[in-house]
Amino acid sequence: MQRRTFFKVTTTLAATLMAGTAFAADPIIVGAVAPKTGPLAGGAAVTHWPNIALWVEEVNARGGLNVGGEQRMLEVIEYDDQTNPAETIKAVQRLATQDNADIILAPYSTGLNIAAAPIFDRLGFPQITSSAATDQIGELSGQFNDMFFLLGRSTDLAEDAVEVLSDLREAGEIGNRVAMVNVADAFGIELMAVGKPALEAAGFELVYETSYPLGTQDLSPVMKAVKAAEPDAFVAWSYPPDTFGLTEQAMIEELNVKAFYTAVATAFPSYAGRFGAAAEGVMGIGGVNTASPEFQDYAARLEAATGSKPDYWASGMMYASLQILENAIETTGSLDMAEVTQFIKDNSFETVMGTIDFDEQNSNTAYWTVGQWQGGEFKGIKETGREGAVAPVVKTGWE
């Protein structure tokens, strides 16, 4: 477990100028834990860490958070959990008991958030997840009162992907044969468990299915088997490294299906950066309304502050989780996390991703489920209540 602390140079100066005294208000200690190493480090480097950097920079630039009439700067303590649930739990415990963090941000990914839920609950910190998609929302929120979900349920993500395929089939654009694979962790296993029966219920023929361990380097055997099954559509419930690996192997194998879907990281700018025009028509999990002025402004600010572009799915939700937390603290005027948690439950929030309103299971009700690369942008094509969806198109090869 590695620690890195960021102290904003402007903290004391800004507080001194505002207070008119040589003594600055105590900073708010913000604890953050997520992968910097391990299989999910690449995803966290796009979706998680840059948003924390942007939020802290923007809050401190305007003098800090207003807590009961006192402006207090943010100071961040970061830990690398190495994509290891045990390290996530250990880091959260250390942040609370040794570093005396006032705020602890939710970890990255479905599996690490589920693993950390008991410790967040025991310590009393709200856990606003922005990178966890699961059908266990009802069970988890019932057991852990302070756990919130922005990305929604696996069922919606999987069934909407199948619905897109069904619409393309009904339009005569694709055939009936589907190959489906998944990464063997909590995320991939759950989506496969939902996606397979959804495909079968829709009348598709599942001609090939398999799973592969998280961190698998050589995915050529998987894609060779997929090619041999002669599918009309390919679906992978994948994480960042394998999303890239599966796409690369599909190109090598010349898997020219008219519907090609990979999950997490398909929405990353680096996906189009790596595959160029070949990314056109690839579908994946998530999406955004790329025409939204709020999202465009947020994206420009993130790139200016960090040099990183947001992905077209969970990045905006990660920043939205910080906006929610900020609003709750400033409106209640408190760092009492029980009071902050209750405020989040009772209110809706305007964010860069639009209005977010949690239901009785602490779940956001309006989110993007399926996106597609069209014209150099990963545009939302399916959602549960967002505006700006565009129609899907068929993939026309890898050129």
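One can find the structure itself at the top, above this paragraph.
The structure reproduced in this document is the subject of the present report. Nothing here was measured: the structure is a model prediction, and the numbers come from that model.

## Re the packing of aromatic side chains
Evaluation of the coordinates by the stated rule reveals 14 aromatic pairs. Connected via pairs of aromatic rings, a cluster forms that spans Phe-295, Tyr-298, Tyr-312, Tyr-319, Trp-373 and Phe-378. Seen from the ring of Trp-49, Lys-36 lies directly overhead, with NZ or CZ sitting 3.9 Å from the centre. The lysine or arginine in question, Lys-395, covers the ring of Trp-398, its NZ or CZ lying 4.3 Å from the ring centre.

## Structural notes on the packing of helix α3 (residues 49-61) against helix α12 (residues 293-306)
Remark: α3 packs on α12, axes separated minimally by 9 Å, with the N-to-C direction vectors making an angle of 90°. It follows from the interaxial angle that α3 and α12 lie roughly perpendicular. For the pair α3 and α12, the contacting residues are Pro-50, Asn-51, Ala-53, Leu-54, Glu-57 and Glu-58 in the first and Tyr-298, Arg-301, Leu-302, Ala-305 and Thr-306 in the second.

## Looking at the sheet that holds strand β16 (residues 368-374)
As summarised here, the arrangement of the 7 strands in space is β10-β9-β11-β12-β13-β16-β17, forming an open sheet in which the pairing is mixed. Looking at which strands have only one partner, the edges of the open sheet turn out to be β10 (205-212) and β17 (377-383). Here the average twist between neighbouring strands, direction ignored, is 20°. Across the face of the sheet, helix α9 (residues 220-228) comes into contact with β9 (177-183), β10, β11 (233-237) and β12 (259-262) while running at roughly 175° to β10. The sheet strands contacting helix α10 (residues 240-253) are β9, β10, β11 and β12, and the helix crosses β12 at an angle near 155°.

## With respect to the nonpolar core
Judged by nonpolar contacts, the single largest core of 125 residues is most densely connected at Phe-234 and Phe-260. For this core, the leading source of residues is helix α13 (residues 314-332), giving 10 residues. Those residues in contact with Phe-260, other than ones at most four positions away along the chain, are Met-223, Phe-234, Leu-246, Thr-247, Ala-250, Leu-255, Tyr-271, Gly-281, Val-282, Met-283, Lys-395 and Trp-398. Counting 6 residues, the second largest nonpolar core, distinct from the first, contains Ala-117, Leu-140, Met-147 and Phe-149.

## Digging into the environment of Ser-292
Tracing the chain through its elements places Ser-292 in the loop between β13 (283-285) and α12. Judged by its relative accessible area of 13%, Ser-292 falls in the buried class. Taking the C-alpha atoms as reference, Ser-292 lies 9.1 Å from Gly-354; in sequence the two are 62 residues apart. Of note is the side chain of Ser-292, whose polar atom sits 3.1 Å from the side chain of Glu-294.

## Some points on unusual backbone geometry
The phi angle at Gln-82 is positive, at roughly 60°, despite the residue not being glycine. Mapped onto the elements, Gln-82 comes out in the loop between β5 (74-80) and α4 (85-97). Phi angles above zero are rare outside glycine, and Ser-109 is one such case at about 90°. Owing to a relative accessible area of 3%, Ser-109 belongs among the buried residues under this scheme.

## Focus: the pairing of β5
For β5, the buried fraction is high: 7 of the 7 residues fall into the buried class. Burial of the side chains of β5 extends over both faces: Leu-74, Val-76, Glu-78 and Asp-80 are buried on one face and Glu-75, Ile-77 and Tyr-79 on the other. As judged from the 7 bridges shared by strand β2 (residues 28-34) and β5, these two strands associate in the parallel manner. Counted as the bridge partner of Ile-29 is Glu-75 from β5.

## Notes on the pattern of salt bridges
One pass over the structure, following the stated rule, counts 11 salt bridges. Across the pair Lys-90 and Glu-87 runs a salt bridge, and its minimum N-O distance is 3.1 Å. Residue Lys-90 and its partner Glu-87 are both found in helix α4; the two are separated by 3 residues, about one turn of the helix. You can call Glu-87 buried: its relative accessible area is 12%. Notably, a salt bridge pairs Glu-209 with Lys-196, separated by 2.8 Å at the nearest N-O pair. A residue pair is termed long-range when its members are at least 10 positions apart, and Glu-209 in strand β10 and Lys-196 in helix α8 (residues 186-201) qualify at 13 residues. Using a relative accessible area of 27% as the deciding quantity, one classes Lys-196 as partly exposed. When salt bridges with common partners are traced through the structure, they connect Glu-58, Asp-297 and Arg-301 into a single cluster.

How each quantity is defined
- Residues numbered from 1 in each chain as written.
- Predicted model: local features only at pLDDT ≥ 70, side-chain atom pairs only at ≥ 80, totals over all residues.
- Heavy atoms only, no water.
- Phe/Tyr/Trp six-rings, centres within 6.5 Å; stacked < 30°, edge-to-face > 60°.
- Lys NZ or Arg CZ within 6 Å of the ring centre and 35° of its normal.
- Axes fitted to C-alpha atoms, helices over the stretch in contact; angles between N-to-C directions.
- Helix = DSSP H or I, 4+ residues; strand = E, 2+ residues; numbered from the N terminus.
- Parallel < 35°, antiparallel > 145°, perpendicular 65-115°, else oblique.
- Contact = heavy atoms within 4.5 Å.
- Pairing = 2+ DSSP bridges.
- Core = buried A, V, L, I, M, F, W, Y, C linked by side-chain atoms within 4.5 Å.
- Buried < 20%, exposed > 50% of the residue type's maximum accessible area, 1.4 Å probe, protein only.
- Polar contact = N/O pair within 3.5 Å; in protein donor to acceptor, adjacent residues only side chain to side chain.
- Salt bridge = Lys/Arg side-chain N within 4 Å of Asp/Glu carboxyl O.

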